[in-house]
Amino acid sequence: MKMPLSLWVVQFVSLSLIGGCVGRPFYPLPSKPLVDKNKQPMQTFRPYNIAHRGSNGEIPEETAAAYKRAIEEGADFIETDILSSKDGHLVCFHDLILDLTTDIAAHKEFADRKRTYKFEYANVTVTGFFIVDFTLKELKSLRVKQRYGFRDQQYNGKYSIITFEEFISIALDAPRVVGIYPEIKDPIFINKHVKWANAKKFEDKFLQTLQKYGYVGSYLSKKWMKQPVFIQCFAPTSLIYLSNMTNLPKILLIGDKSIPTQDTLQWYDEITSDSYLDFIKEYVVGIGPNKDTIVPVENNYLLTPTDLVARAHSHNLQVHPYTYRNENQFLHFNFHQDPYAEYEYWINEITVDGLFTDFTGSLHNFQELSSHHKL
């Protein structure tokens, strides 16, 4: 669905809060990586089921409950957006602003924290309660709510923001091997407004956290298979920077055609060209495009697919599009209000390698039914 540029940027740069209670985390942090040799291993024989902000079609996004639910439903990876508090703690939240998915408006003690920041790459200004203007303790005092009014509202106010470390612990404590898929969110903005000791950058803090919990190894290596991870980002320079420090697999996210990259100011046509794919494959194992840029849409009907997936595959790059949602307002008319028909199309006709979905259970059920049918 086409959104006005200003609204798109608010969605893009905003960030969501999640977590447990103030004080001792609801999900205790592991003292060391919890790799159990008896755990069921990660599957690699079919496209990855990527729980987009957890099972957020059911439970408010990026909360501990949403991630645990996604694991119960069969997610291969739990996906999160990483931002930073004012005091340098990495937290799981999608929007740079707290307005859309928390109860910040009810906290009168924070009424004076509203700010306006300009985003030069999109040539817009955004006003709201920005996550970088709150300490972790203050963020933990907020409660998360469902982003969309047409989804289940019963969990509003029950969960708080979680830290990156709490998110990792959920994956490591799972009864089977579950991968993580963290996004370095808005690194240009974060590095401008948050400062760490010893001139460290957002990317350094992010990688240090992964390494602290044992995330190492190239794609499909033995070490990676024990603790799978994809690092994702819309900013190519951040991924290139990290490539000098780790061989963990990385995914270049590709957004709306109307917005350039926030760091290099490159447009969609350039970063999906053959020459750019040939360049970026030295640093990433795949791309994560908006699905409506792979198969254009007009009047809610699919048009002729582009050749992006085929070209990415020819460069030995995976393709993990976003975002798949079950509700009728997100399903194009071609799929007759049937999310299974959409999965069938993208997996078997477009041949993608992973799918970001708000409804982990439905994708898992589809893939299980499909594999049994083929047998």
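For the structure itself, look to the data block above.
This one's a predicted model, so the numbers in the text were calculated from it and none came from an experiment. (Residues numbered from 1 in each chain as written. Predicted model: local features only at pLDDT ≥ 70, side-chain atom pairs only at ≥ 80, totals over all residues. Heavy atoms only, no water.)

> Sorry, what's going on with the overall build of the protein chain here?
From N to C terminus, the protein chain includes 14 helices and 13 strands. Here the contacts in the protein chain between residues at least 6 apart in sequence split such that 73% fall between residues at least 24 apart. As displayed, the protein chain has an accessible area near 15900 Å², and 53% of this comes from carbon and sulfur atoms. (Helix = DSSP H or I, 4+ residues; strand = E, 2+ residues; numbered from the N terminus. Contact = heavy atoms within 4.5 Å. Areas by Shrake-Rupley, 256 points an atom, 1.4 Å probe, with all protein chains shown as cover.)

> Explain the side chain of threonine 272 here, please?
Position of threonine 272 relative to the elements: it lies in the loop between α9 (268–271) and α10 (274–280). With a relative accessible area of 6%, threonine 272 lands in the buried category. Of note is the side chain of threonine 272, whose polar atom sits 2.8 Å from the backbone oxygen of tyrosine 268. Setting aside residues no more than four positions away along its own chain, threonine 272 makes contact with Ile254, Leu277, Leu308 and Arg311. (Buried < 20%, exposed > 50% of the residue type's maximum accessible area, 1.4 Å probe, protein only. Polar contact = N/O pair within 3.5 Å; in protein donor to acceptor, adjacent residues only side chain to side chain.)

> I keep staring at the side chain of aspartate 256 and nothing clicks. Help me out?
Here aspartate 256 is to be found in the loop between β8 (250–254) and α9. Here serine 258 takes part through its side chain, which lies 2.5 Å from a polar atom of the side chain of aspartate 256.

> Got a minute to help me understand the nonpolar core in this structure?
As a rule of thumb, soluble globular proteins bury nonpolar side chains together. In terms of nonpolar packing, the biggest core is built from 103 residues, with Ile78, Leu210, Tyr215 and Trp346 touching the most fellow members. For tryptophan 346, the residues in contact, after removing those within four places along its chain, are Lys291, Ile294, Val295, Pro321, Tyr324, Phe335, Thr351, Val352 and Leu355. (Core = buried A, V, L, I, M, F, W, Y, C linked by side-chain atoms within 4.5 Å.)

> Is there a simple way to explain the pairing of strand β9 (residues 286–289) in this structure?
The side chains of a regular strand alternate between both faces of the sheet. Neither face of β9 is open: one carries Gly286 and Gly288, the other Ile287 and Pro289, and all of them are buried. When β9 meets strand β12 (residues 318–319), the two strands line up parallel, connected through 2 bridges. Note that in β12 the partner of glycine 286 across the bridge is glutamine 318. (Pairing = 2+ DSSP bridges.)

> Hey, could you run me through the packing of helix α6 (residues 202–212) against helix α8 (residues 236–243) in this one?
Axis angle and axis distance: for two packed helices, these are the angle between their axes and the distance between the axes, and together they describe the pair. Here α6 crosses α8 at 50°, and the two axes come no closer than 10 Å. Classified by the interaxial angle, the pair formed by α6 and α8 is oblique. Regarding α6 and α8, the two cross each other, and that crossing is right-handed. Listed contacts from α8 to Glu203, Asp204, Phe206 and Leu207 of α6 are Ser238, Tyr241 and Leu242. Of the residues that constitute the contact of α6 with α8, the class distribution is 4 nonpolar, 1 polar and 2 charged. (Axes fitted to C-alpha atoms, helices over the stretch in contact; angles between N-to-C directions. Parallel < 35°, antiparallel > 145°, perpendicular 65-115°, else oblique. Left-handed = near helix turned anticlockwise from the far one by under 90°. Nonpolar A, V, L, I, M, F, W, Y, C, P; charged D, E, K, R; others polar.)

> Looking at this structure, how should I read α8?
Owing to its 3.6 residues per turn, the α-helix brings residues three or four apart onto one side. The set of residues buried in α8 consists of Pro236, Ser238, Leu239 and Leu242. Buried residues along α8 cover an arc of 160° about the axis, so they all sit on one side. Here the buried face of α8 lies against β6 (179–184), α5 (187–193), α6, β7 (231–233), β8 and α10. (Arc of directions from axis to C-beta.)

> Just to check I follow, could you spell out the environment of isoleucine 82 for this structure?
Along the polypeptide, isoleucine 82 turns up in strand β2 (residues 77–84). Overall, isoleucine 82 belongs to the buried group, its relative accessible area being 0%. Distance from isoleucine 82 to aspartate 186, taken between C-alpha atoms, is 8.8 Å for residues 104 residues apart in sequence. Filtering out sequence-adjacent residues up to four positions away, isoleucine 82 remains in contact with Leu90, Val91, Cys92, Phe164, Pro182, Glu183, Ile184, Lys185, Phe202 and Phe206.

> Just to check I follow, could you spell out the packing of aromatic side chains for this structure?
Aromatic rings in a pair are described by how distant their centres are and how their planes are angled relative to each other. Evaluation of the coordinates by the stated rule reveals 35 aromatic pairs. Ring centres 5.0 Å apart and planes at 65° place the aromatic pair tyrosine 181 and phenylalanine 356 in the edge-to-face group. Of this pair, tyrosine 181 sits in strand β6 while phenylalanine 356 is found in strand β13 (residues 354–357), placing the two residues 175 residues apart along the sequence. Its relative accessible area of 0% is what places tyrosine 181 among the buried residues. (Phe/Tyr/Trp six-rings, centres within 6.5 Å; stacked < 30°, edge-to-face > 60°.)

> How should I be thinking about the pattern of salt bridges in this particular structure?
Applying the stated rule across the entire model yields 20 salt bridges. A salt bridge links aspartate 274 to arginine 311, with the shortest nitrogen-to-oxygen separation between them at 3.3 Å. Linking aspartate 274 in helix α10 with arginine 311 in helix α12 (residues 308–314), this pair joins segments that are 37 residues apart in sequence. Residue lysine 291 pairs with glutamate 342 through a salt bridge whose shortest N-O separation is 3.3 Å. (Salt bridge = Lys/Arg side-chain N within 4 Å of Asp/Glu carboxyl O.)

> Mind showing me how you'd approach the environment of lysine 158 here?
Examined against the element boundaries, lysine 158 turns out to sit in the loop between α3 (136–140) and α4 (164–172). Sequence separation between lysine 158 and threonine 63 is 95 residues, and the spatial gap between their C-alpha atoms is 9.6 Å.

> Just to check I follow, could you spell out the pairing of strand β4 (residues 115–119) for this structure?
Looking at chain direction, β4 and strand β5 (residues 124–128) are connected through 5 bridges and run antiparallel. In the strand pairing of β5, threonine 116 is matched with threonine 127. Linkage of β4 to β5, two consecutive antiparallel strands, is achieved through a turn of 4 residues, within which asparagine 123 is found at a positive phi near 55°.

> Help me out: how do you make sense of unusual backbone geometry in this one?
Backbone phi values are negative for most residues with the exception of glycine, while trans is the configuration of most peptide bonds. Threonine 323 follows tyrosine 322 through a cis peptide bond whose omega is -10°. By the element assignment, threonine 323 lies in the loop between β12 and α13 (339–349). Unlike most non-glycine residues, histidine 336 shows phi in positive territory, near 50°. Tracing the backbone shows histidine 336 in the loop between β12 and α13.

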